[in-house]
Amino acid sequence: MTTNITITDRTKSFAVRIIKACCFLDEASSATRILSKQLLRSGTSIGANVREAQSAQSLKDFINKLEIALKEARETQYWLELLIESELVEKQKFQLLLQEANEIGKILVASTKKLKDK
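Residues numbered from 1 in each chain as written. Predicted model: local features only at pLDDT ≥ 70, side-chain atom pairs only at ≥ 80, totals over all residues. Heavy atoms only, no water.

**Details of helix α2 (residues 30–53)**
1) Next: Taking 1.5 Å per residue as the helical rise, α2 with its 24 residues ought to reach 34 Å, and the 35 Å between its terminal C-alpha atoms agrees with that figure.
2) Next: Where α2 bends most, the angle comes to about 30°, and this point is serine 45.
3) Next: For α2, the set of buried residues is Thr32, Leu35, Ser36, Leu39, Ser42, Gly43, Ser45, Ile46, Gly47, Asn49, Val50 and Ala53.
4) Next: Buried residues along α2 sit against α1 (7–25), α3 (59–85) and α4 (91–116). (Helix = DSSP H or I, 4+ residues; strand = E, 2+ residues; numbered from the N terminus. Expected span 1.5 Å × (residues − 1). Bend = angle between axes of the 7 residues up to and from the residue. Buried < 20%, exposed > 50% of the residue type's maximum accessible area, 1.4 Å probe, protein only. Contact = heavy atoms within 4.5 Å.)

**What to know about the packing of aromatic side chains**
1) Next: One pass over the full model with this rule turns up two aromatic pairs.
2) Next: Taken together, a centroid distance of 6.4 Å and an interplanar angle of 40° make the contact between phenylalanine 24 and phenylalanine 94 tilted. With phenylalanine 24 in helix α1 and phenylalanine 94 in helix α4, this pair connects stretches of sequence that are 70 residues apart.
3) Next: Phenylalanine 94 sits in the buried class, given a relative accessible area of 2%.
4) Next: Measuring from centroid to centroid gives 5.1 Å for tyrosine 78 and tryptophan 79, while their planes differ by 70°, and the two rings are edge-to-face.
5) Next: Since its relative accessible area comes to 13%, tryptophan 79 is described here as buried. (Phe/Tyr/Trp six-rings, centres within 6.5 Å; stacked < 30°, edge-to-face > 60°.)

**Quick notes on the packing of α2 against α3**
1) Next: Where α2 contacts α3, the two axes come as close as 8 Å, and the packing angle between them is 155°. Taken as axis vectors, α2 and α3 run roughly antiparallel relative to one another. The element α2 and its partner α3 pack so that their crossing is left-handed.
2) Next: In terms of residue class, the contact of α2 with α3 is built from 14 nonpolar, seven polar and five charged. (Axes fitted to C-alpha atoms, helices over the stretch in contact; angles between N-to-C directions. Parallel < 35°, antiparallel > 145°, perpendicular 65-115°, else oblique. Left-handed = near helix turned anticlockwise from the far one by under 90°. Nonpolar A, V, L, I, M, F, W, Y, C, P; charged D, E, K, R; others polar.)

**A short note on the environment of isoleucine 19**
1) Next: Locating isoleucine 19 in the fold gives a position in helix α1.
2) Next: Taking the C-alpha atoms as reference points, isoleucine 19 and arginine 41, 22 residues apart in sequence, are found 9.5 Å from one another.
3) Next: Every residue in contact with isoleucine 19, bar those within four places of it in the chain, is listed here: Leu40 and Thr44.

**Digging into the pattern of salt bridges**
1) Next: As enumerated under the stated definition, the model contains seven salt bridges in all.
2) Next: Where glutamate 67 meets lysine 116, a salt bridge forms, and the shortest distance between an N and an O atom there is 2.5 Å. Highlighted residues: glutamate 67 in helix α3 and lysine 116 in helix α4, separated in sequence by 49 residues.
3) Next: Residue class for glutamate 67 comes out partly exposed when judged on its relative accessible area of 24%.
4) Next: Relative accessible area serves as the criterion here: at 51%, lysine 116 is assigned to the exposed category.
5) Next: Its salt-bridge partner being aspartate 117, residue lysine 113 comes within 3.4 Å of it at the nearest N-O pair.
6) Next: By relative accessible area, which is 57% here, aspartate 117 ends up exposed. (Salt bridge = Lys/Arg side-chain N within 4 Å of Asp/Glu carboxyl O.)

Keep in mind that these numbers describe shape and distance, not what the molecule does.
In structure tokens:
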């Protein structure tokens, strides 16, 4: 049985996971705390922009909001990669978050491409 989860729900769930990860990171070194704040901003912004797109005033506005969400997803991937590659976090603890950020990015790319092709 497959469950269909909307991009809105998926990005909100992701934001909750990011918040929990950042609470964990805030207990670490000062460099980690600074990266945590960046991750918190971008990781929670994805869902906010997807949610905002639901109230878009036009198709162009809708696509624009989704593209902003995509930029935030890519930024989130960057911060997660930095945390992992600098060994400030254990890779296995953050690999699933990075994987989900990548998946959300792919969904947003496909969605905006499909809408632009209309």
